[in-house]
Amino acid sequence: MSTQPAVAADARAETGDPLFDEVHRTVEEAIVAVVGRWYYDECQVGLDSTFAEDIELESMEVMEISERLIDTYEGRVDFVTWFSAMELEELVELTLRDVVEFIVASLRQLAA
Amino acid sequence: MATVRANGVELRVNRYWVGPRDEDRPVVVFIHGLGIVDHSGLSFTLGMPLASTADVVLYALRGHGRSEVPPTGYHLDDHVADLAALLDALAIDVPVHLVGCSYGGAVATRAAMLHGDRVGSVFLLDPLIASPGWTMMIRAPMETAASVLRRDHTIEEVMDLLGLTSRRKAEAVEARARRFLLGTSVLDDLQTEPDLGADDYAAIRCPLSAVFGTGSMMYPLKPLLQDYVPHAELHEIEGVDHLGIFSLTREVGQLIADHVARHGAVATAAPAAVAPIAPGG
């Protein structure tokens, strides 16, 4: 994913980083709220799962998940500008990791 | 996302605005096509990219997406009444710039006929043009889908019919299609839709632009639109079909941004690379 304007190399985080893990949990909860726990577990969703192909979400489900995240991080994470800069192919290939990294980087930049 | 009650129906609405709130911006309202779609795809690909220069509104038509599915009220003028009521509910009292996609193009042009004071301009993306017998083009595939849903069928048939590889998506689409096609008056309403013609289109005074894919089933409607609306500025994209044109998000997005910049006094966005598009008409 090349379109991560707020994700500087030194702002990247990984599993084990408390903020990364917390954001990961929040993103998971948003997905589970839309697709249900049973389906989420059945898909064996991981950080590198794509929303479109691996989790097989419809665009209206992706929309619902993004709205939940927009509400959760209102005023701190600019999802709309981030999505705006993406090519269609990037949207299709969007992974959980992309979203978590973007949120973490946005929160870190805000705190800096 | 908000749910807004308009014309007696709960409509799901998204509104995007990036940047300072203390400036005047044109209001751009996207209207999606008819069927099993809603506005969510358009939100990501065309709506959000406009949000740094415009106040962008997208909503799911009645019977679509997460909007309410009333059993009746699927004539073109019902959708136009919903749109007018939605603008009232959102307290939008300036002329808006409508972006009508596919069937949404017919809604946008009809809104420009009936509510000329509320429509600042119209941009049509591979639109359906309301004209004598105009609903046949969309009724036929919808009747086919309805006939499959009425008889015993497997989910694999639905997957084949829609070109889907995901069983889960096919089940979701089938549920929505069953609710919409078999649970509402949409097919009857399409069949009894009044014809529109040159006299109706003469009421359109606002700027109107459109882009057609030359490989689209809508492309033969381009000269008709030019006849009906002589001041229309028409474009075409070579070799692109009806679905394909919605994938050309950069090119189409730039055309919409240019249109709104010209007719809505919006600051022009940084120009992006635009594929060659032959002005038509």
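Further up the page is the structure itself.
The rules behind these values
- Residues numbered from 1 in each chain as written.
- Chains lettered and ligands numbered in written order.
- Predicted model: local features only at pLDDT ≥ 70, side-chain atom pairs only at ≥ 80, totals over all residues.
- Helix = DSSP H or I, 4+ residues; strand = E, 2+ residues; numbered from the N terminus.
- Rg over C-alpha atoms; globule rule 2.2 N^0.38 Å.
- Buried ≥ 20, exposed ≤ 12 C-beta atoms within 10 Å, placed from the backbone.
- Contact = placed C-beta atoms within 7 Å.
- Expected span 1.5 Å × (residues − 1).
- Core = buried A, V, L, I, M, F, W, Y, C linked by C-beta atoms within 7 Å.
- Pairing = 2+ DSSP bridges.

Right, let's talk about the overall build of chain B for a bit. Counting secondary structure elements, chain B contains 10 helices and 9 strands. The C-alpha radius of gyration computed for chain B amounts to 18 Å, which stays within 12% of the reference 19 Å derived for 281 residues, consistent with globular compactness. With respect to the three principal axes, the spread of C-alpha positions in chain B is 55 × 40 × 40 Å. Burial status across chain B gives 47% buried among its 281 residues. For chain B, contacts bridging at least 24 residues in sequence account for 72% of all contacts bridging at least 6.

The interface is formed by 20 residues belonging to chain B together with 12 residues belonging to chain A. Taken together, the elements giving at least two residues each to the side of chain B that touches chain A come down to α1 (40–47) and α6 (167–182) of chain B. If you tally residues by element for the side of chain B that touches chain A, the top one is α1 of chain B, at 5 residues.

All right, on to α6 of chain B then. With 16 residues, α6 of chain B ought to run about 22 Å at 1.5 Å a step, and its terminal C-alpha atoms sit 21 Å apart, in line with that. Of the surrounding elements, those touching the buried residues of α6 of chain B are α4 (136–150), α5 (155–162) and α7 (186–191) of chain B.

Moving on, we come to unusual backbone geometry. All names here are of chain A. If you check the backbone angles, Q44 has positive phi at about 50° while not being a glycine. Of note, Q44 is situated in the loop between α2 (37–42) and α3 (59–72). Since 9 C-beta atoms lie within 10 Å of it, Q44 is described here as exposed. If you check the backbone angles, E56 has positive phi at about 55° while not being a glycine. By the element assignment, E56 lies in the loop between α2 and α3.

Turning next to the nonpolar core. Counting 98 residues, the largest nonpolar core has V28, L98, V99, V107 and I256 of chain B as its most contacted members. Sorting elements by how many residues they give to this core places helix α6 (residues 96–111) of chain A first, with 7 residues. Contact partners of I256 of chain B, with chain neighbours within four places excluded, come to L46, L50, V99 and F123 of chain B.

The subject of this paragraph is the pairing of strand β4 (residues 55–59) of chain B. Residue and element names in this part refer to chain B. Within β4, 5 of the 5 residues are buried, leaving the element largely enclosed by the surrounding structure. On β4, burial covers both faces: D55, V57 and Y59 on one face and V56 and L58 on the other are all buried. In the sheet, strand β2 (residues 9–16) pairs with β4 via 4 bridges, with the strands oriented antiparallel. Counterpart to Y16 in the pairing with β4 is V56.

Geometry only, nothing functional implied.
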